[in-house]
Amino acid sequence: VSRSDATERDLATLRKKVSTVADGARCSIGTQQQVVVNGLLEHFEDVVRDHVNDRRPPAEPLLVAELLDLHDGATEIDARHAQKQPDWTHGDSWRGETPVERFTDHRAHTELDDV
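Trainee: Before we go on, may I ask you to explain the overall build of the protein chain in this structure?
Mentor: Regarding its fold elements, the protein chain presents four helices and two strands. Starting at the N terminus and ending at the C terminus, the protein chain contains elements arranged as α-α-α-β-β-α. When burial is assessed residue by residue, the protein chain has 16% of its 115 residues classed as buried. Partitioning the intrachain contacts of the protein chain with sequence separation of at least 6 by distance along the chain shows that 37% fall at a separation of at least 24.

Trainee: So what exactly am I meant to see when it comes to the pattern of salt bridges here?
Mentor: Oppositely charged side chains are able to pair whenever their charged atoms sit close together. What the rule picks out here adds up to six salt bridges. The residue R3 makes a salt bridge to E60 at a minimum N-O spacing of 3.4 Å. Here E60 lies in the loop between helix 3 (45-52) and strand 1 (67-71) and R3 lies in the segment before helix 1 (8-18), a separation of 57 residues in the sequence. Through salt bridges with shared partners, a single network forms among E8, E45 and R49.

Trainee: Sorry if this is basic, but what is going on with the nonpolar core here?
Mentor: One recurring pattern in soluble globular proteins: nonpolar side chains tend to sit buried together. Counting residues in hydrophobic clusters, the biggest one holds seven residues: A6, L11, V18, V37, L41, V48 and V52. Listed by contribution, the elements that provide at least two residues to this core are helix 1, helix 2 (29-43) and helix 3. The contact partners of V52, leaving out residues within four places of it in the chain, are A6, T7, E8 and L11.

Trainee: It is not clear to me how the packing of helix 1 against helix 2 should be interpreted in this structure. Could you clarify?
Mentor: Helix-helix packing is described using two parameters, namely the angle between the two axes and the distance between the axes. Look at helix 1 against helix 2: their axes get within 10 Å of each other, and the N-to-C directions meet at 145°. Crossing handedness for the pair helix 1 and helix 2: left-handed. Facing L11, L14, R15 and V18 of helix 1, the residues of helix 2 in contact are Q33, Q34, V37, N38 and L41. Of the residues assigned to the contact of helix 1 with helix 2, the class counts are five nonpolar, three polar and one charged.

Thresholds applied
- Every chain begins its residue count from 1, and numbering advances along the sequence as written.
- Predicted model: local features are reported for residues with pLDDT of at least 70 only, side-chain atom pairs are reported and counted for 80 or more only, and whole-chain, interface and lining totals are derived from all residues.
- To obtain the side-chain values, all non-hydrogen atoms of the structure were included, while hydrogens and water were left out.
- Helix and strand labels come from DSSP, where a helix needs a run of H or I of at least four residues and a strand needs a run of E of at least two; each type is numbered from the N terminus.
- Per-residue accessibility, obtained with a 1.4 Å probe over protein chains only, is compared with the maximum for each type, and a residue is labelled buried under 20%, exposed over 50%, and partly exposed between these values.
- Any two residues having at least one pair of non-hydrogen atoms within 4.5 Å are treated as being in contact.
- Salt bridge, as used here, is a side-chain nitrogen of Lys or Arg placed within 4 Å of a carboxyl oxygen of Asp or Glu.
- Put simply, buried Ala, Val, Leu, Ile, Met, Phe, Trp, Tyr and Cys residues joined by side-chain atoms within 4.5 Å make one nonpolar core.
- Axes, fitted as lines to C-alpha atoms, cover a helix only where it is in contact. Angles between the N-to-C directions of the axes lie from 0 to 180 degrees.
- Note: crossing handedness is left-handed where the near helix turns anticlockwise from the far helix by less than a right angle, and right-handed where it turns clockwise.
- Three residue categories are used. Nonpolar comprises Ala, Val, Leu, Ile, Met, Phe, Trp, Tyr, Cys and Pro, charged comprises Asp, Glu, Lys and Arg, and polar comprises the others, including Gly.

This is how it looks when you write it as structure tokens:
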């Protein structure tokens, strides 16, 4: 959206996916994402629409990443986060799996439960 290359279809997909992002999550990160994205869509709807309808110039997203260190008032962040895939890996391409799909559910029944 910020790069002004999203379509109305992309926006509809975003709204649909954000409504389910916390489903099956093991922590509150999914819920936090829902709150942030829904807040942006609700409170900045005019800005989002302007980007979708090419009424705003593209903007490069800012990198939000782990703070590694602080030197004389200058921050050092983990720039690898710019290449992070949606499945939390740092590979060249996304395999199409969500983190929930990638990791085995520790609460699932296993053969050891029968011992």
